[in-house]
Amino acid sequence: MFIYTVKRFALAGLILIVAVTAMFLMIRAVPGDPVSIMLGPRATPELKASLIAQMALDQPIWKQLLIYYGGLLRGDLGIDVFSGRSVVEIVFQQLPYTLEMITLSVLWSAALGIALGAYAAAHPNTMIDRIAAAVSVSFVAAPAFVVALLALLIFAVQLQWFPAIGAGEGFWGRLNHLVLPSFAIGLSWVGYIARLVRASMLEVLGEGHIRTARAFGLSERRIIMSYALRIAILPVVTVIGVGMGFLLSSAVFTEIVFARPGIGKLVIDSITTRNYPVVMGTVLVSTGLFVLSTAIADLLNALLDPRARSAK
Amino acid sequence: MSKPRSELSIILRGVAKDPLGLIGLIIVGTIVVSAIFAAWIVPYDPIGMNIPDRMQGPSWSHWLGTDNLGRDTLSRVIMGGQVALKVALPAVFGAMAIGLTLGMIAGYGPKWLDNLLMLFFDTLRSFPTVMFALAVVALVGPSLQTVVLVVMATSIPTYGRVARTQTLTLRNSEFILAERAMGASMARILGVHMLPNIIGVLGVLAAMDVPTVIALEAGLSFLGLGVKPPTPSWGALLKDGYALIRQTPWLVVGGGLPIILATLGFTFLGESLRDVVDPKLRKNR
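So, how was this worked out
Residues numbered from 1 in each chain as written. Chains lettered and ligands numbered in written order. Predicted model: local features only at pLDDT ≥ 70, side-chain atom pairs only at ≥ 80, totals over all residues. Helix = DSSP H or I, 4+ residues; strand = E, 2+ residues; numbered from the N terminus. Contact = placed C-beta atoms within 7 Å. Buried ≥ 20, exposed ≤ 12 C-beta atoms within 10 Å, placed from the backbone. Expected span 1.5 Å × (residues − 1). Bend = angle between axes of the 7 residues up to and from the residue. pLDDT = per-residue confidence, 0-100. Axes fitted to C-alpha atoms, helices over the stretch in contact; angles between N-to-C directions. Left-handed = near helix turned anticlockwise from the far one by under 90°. Nonpolar A, V, L, I, M, F, W, Y, C, P; charged D, E, K, R; others polar. Core = buried A, V, L, I, M, F, W, Y, C linked by C-beta atoms within 7 Å.

K.L.:
Could you give me a rundown of the overall build of chain B, with the residues and numbers involved?
P.N.:
Of regular secondary structure, chain B possesses 12 helices and 0 strands. Its helices and strands in sequence order give chain B the pattern α-α-α-α-α-α-α-α-α-α-α-α, from N to C terminus.

In structure tokens:
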């Protein structure tokens with residue numbers, strides 16, 4: 001397990017290095033001079049010169065890359081072109097809003113999805129199973145930002161049950177503002193997780209130790225609750241970890257729709273103002289988050305299911 | 001696999017027998033047909049402004065109302081389907097072709113190449129899709145081609161990994177070993193013997209991938225970073241509807257429902273295809 005952990009994190013590190021390098025080269029490969037793009041047409045020559053020196057643009061490309069990595073290691077993602085604040089500070093100020101929204105979405109959708117899936121697997125091919133299957137597929141079919149828009153239209157604009165804008169103040173205010181966004185992000189996950197749990201549950205129920213438990217006369221309820229479900233929810237862990245990228249993507253749209261603060265809104269605002277250091281910093285942080293969560297999901301999976309360790 | 005035509009008709013018949021598959025087939029068929037003939041069936045000019053008729057609710061003359069420039073929503077929805085497919089189909093097929101080739105090479109080639117390609121896949125996959133798309137669009141500017149390229153790049157790893165796994169399980173099967181013993185080249189083994197066994201699974205994956213791509217295109221257009229106005233796109237409809245959500249809420253419905261329907265249709269079709277293509281899974285149901 002120790003060797004697997006080291007290997008997995010080494011891989012994560014390698015992926016990050018390749019990804020950062022690729023992104024760095026991509027920015028430099030863009031036609032046009034980055035300084036004029038960043039500062040716009042009205043920039044004075046002095047401003048340009050100071051930015052060139054600050055970003056080390058007058059050095060050869062490999063040296064620029066080294067300087068960039070040096071900055072990264074010191075936790076320096078550059079400086080906001082407009083406010084002059086450090087990009088790291090700006091990104092980490094917005095990150096909690098996004099994370100609280102994602103966490104709540106995952107929690108409610110996983111709880112409901114696991115319950116639905118387990119119930120459907122315990123009663124296969126009944127009417128309820130069919131209905132659950134149809135509902136799950138329909139939920140999966142709804143992209144988060146479309147759900148967000150429709151939820152905004154129905155529950156915030158028409159019915160006015162929930163607030164339409166912002167993140168709220170105080171615990172209850174924040175929670176109230178989180179209802180619609182996390183509903184929008186979580187909805188497609190309910191169906192997805194339900195289907196996953198149903199499939200893996202059916203597989204587990206066909207295995208030897210379950211047959212043995214049945215032969216011993218344990219009740220079906222007991223078998224499912226204490227033997228099958230524990231194994232059947234394993235894929236959910238992996239899927240949520242791997243789905244982090246997907247969650248972050250949904251978060252971007254949801255934050256725009258509900259005008260919530262967060263890294264999604266940050267990145268869109270920075271794109272419209274051509275604030276490239278902030279755009280790149282945000283993309284980098286979210287990529288790091290995604291790589292890390294995938295690695296953790298793999299490790300958890302290996303911890304819970306020893307077979308996964310050798311399969312790699 | 002010797003007679004591809006009869007194979008295809010067996011698959012289609014199998015899909016049509018499954019109620020969900022049939023629904024999927026009908027939805028996808030409707031979208032494709034209306035997209036192909038969009039120019040002839042739209043009741044109004046989808047980009048023609050008509051200021052006196054602006055912001056009208058749904059009525060007999062405008063089934064889905066009009067927007068703030070008096071453009072007919074239904075016409076824009078129909079035309080938007082064309083844009084959605086114009087992005088989705090090249091992106092999905094391109095990603096499938098590249099992913100398939102790289103994945104088979106990774107699965108069949110030497111170990112170091114496999115490792116290298118896997119690292120390539122893992123890296124591409126490590127960017128959250130929308131964040132990656134936003135970064136690229138921010139750098140090279142929004143356009144239909146940018147969206148296609150971004151979507152293609154982000155979905156290559158999925159196809160690549162599946163193709164690799166399939167190749168790995170096939171590479172030591174008897175018929176492949178026999179081919180190798182007879183001295184068949186790598187290209188021949190992969191192209192003639194492996195491909196027919198892998199393509200079905202990837203086809204299913206592609207059908208399920210189309211809605212993801214449609215949603216991404218719509219999402220980028222919603223953010224104003226996809227297709228440029230006045231091109232009608234489902235995402236652009238949502239954008240206009242969102243901007244005036246209190247005055248013209250029917251735009252949100254008109255842009256949102258086709259996306260949900262398209263997703264539903266392609267997902268049903270993909271699932272039903274999987275059950276037909278992969279008999280092992282069919283038994284489980």
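K.L.:
If you had to explain the overall build of chain A to someone new, which residues and values would you point to?
P.N.:
Within chain A one finds 15 helices and 0 strands. Dimensions of chain A along its principal axes, counting C-alpha atoms only, are 85 × 55 × 35 Å. Put simply, of all contacts in chain A between residues at least 6 apart along the chain, 72% involve residues at least 24 apart.

K.L.:
Explain the environment of Ala206(B) to me, using residue names and the numbers behind them.
P.N.:
Residue and element names in this part refer to chain B. Position of Ala206 relative to the elements: it lies in helix H9 (residues 186–222). Look at Ala206 and you get buried, because 24 C-beta atoms sit within 10 Å. With residues near it in sequence (within four places) discarded, Ala206 still touches Val92 and Met96.

K.L.:
Now, about helix H7 (residues 144–158) of chain A: what can you tell me, with residues and values included?
P.N.:
Here H7(A) is 15 residues long and its end C-alpha atoms lie 20 Å apart, about the 21 Å a rise of 1.5 Å per residue gives. If you look at H7(A), its biggest bend is around 30°, right at Leu152(A). Among all positions of H7(A), only Ala144(A), Phe145(A), Val146(A), Val147(A), Ala148(A), Leu149(A), Leu150(A), Ala151(A), Leu152(A) and Leu153(A) are buried. If you follow the buried residues of H7(A), they end up packed against helix H8 (170–205) and helix H12 (244–257) of chain A together with H9, helix H10 (234–243) and helix H11 (250–277) of chain B. One or two steps after H7(A), the chain reaches Gln160(A), where phi turns positive at roughly 55°.

K.L.:
Explain the confidence of the model for chain A to me, and be specific about the residues and the numbers.
P.N.:
When pLDDT is averaged across chain A, the result is 79; 90% of the residues are at 70 or more. At the level of individual helices and strands, chain A shows its lowest average pLDDT in helix H15 (residues 307–311) of chain A, which scores 59, and its highest in helix H5 (residues 87–122) of chain A, which scores 86.

K.L.:
Which residues make up the packing of H5(A) against helix H6 (residues 127–140) of chain A, and what values do they have?
P.N.:
All names here are of chain A. Two elements in contact, H5 and H6, have axes separated by 9 Å at closest approach and are oriented at 145°. The hand of the H5/H6 crossing is left-handed. Residues Leu116, Tyr119 and Ala120 of H5 lie in contact with H6, whose contacting residues are Asp129, Ala132, Ala133 and Ser136. Split into classes, the residues belonging to the contact of H5 with H6 amount to 5 nonpolar, 1 polar and 1 charged.

K.L.:
Account for the nonpolar core, naming residues and giving values.
P.N.:
Ala148(A), Leu149(A), Ile193(A), Val197(A), Val267(A), Leu134(B) and Ala135(B) are the most contacted members of the largest nonpolar core, which has 163 residues in total. With 18 residues, the top contributor of residues to this core is H9(B). When neighbours within four sequence positions are excluded, Leu134(B) is seen to be in contact with Val267(A), Ile271(A) and Leu225(B).

K.L.:
Could you give me a rundown of the interface of chain A and chain B, with the residues and numbers involved?
P.N.:
Taken together, the contacts link 40 residues of chain A with 32 residues of chain B. Contributing elements (two or more residues each) for the side of chain A that touches chain B: helix H1 (2–29), H6, H7, H12, helix H13 (263–272) and helix H14 (276–304) of chain A. For the side of chain A that touches chain B, the element with the highest residue contribution is H1(A), accounting for 8 residues. Looking at the side of chain A that touches chain B residue by residue, the classes come out as 35 nonpolar, 5 polar and no charged.

K.L.:
So what's going on with the confidence of the model for chain B? Which residues, and what values?
P.N.:
All names here are of chain B. Counting all residues, the mean pLDDT for chain B is 78, and 88% of those residues have values of 70 or more. Counting interchain partners and residues more than four positions distant, the pLDDT-below-50 stretch residues 281–285 has 5 contacts. Two summary scores accompany this predicted model of the complex, namely pTM at 0.80 and ipTM at 0.77.

K.L.:
Outline H10(B), listing residues and values.
P.N.:
With respect to burial, H10(B) is a largely interior element, 9 of its 10 residues being buried. Listed as buried for H10(B) are Trp234(B), Gly235(B), Ala236(B), Leu237(B), Leu238(B), Lys239(B), Asp240(B), Gly241(B) and Tyr242(B). On its buried face, H10(B) sits against H7 and H12 of chain A together with helix H4 (73–108), H9 and H11 of chain B.

K.L.:
Provide a residue-level description of the environment of Leu195(B), including the pertinent values.
P.N.:
Residue and element names in this part refer to chain B. Tracing the backbone shows Leu195 in helix H9. Since 17 C-beta atoms lie within 10 Å of it, Leu195 is described here as partly exposed. The spacing of Leu195 and Thr101 is 94 residues in sequence and 9.4 Å in space, taken between C-alpha atoms.

K.L.:
Let's hear about the environment of Val283(A): which residues, and what values?
P.N.:
When you line up the elements, Val283(A) lands in helix H14. Considering only alpha carbons, one finds Val283(A) and Gly264(A), 19 residues apart in sequence, at a separation of 9.6 Å. Dropping the residues within four chain positions of it, Val283(A) is found in contact with Val267(A), Met131(B) and Ala135(B).

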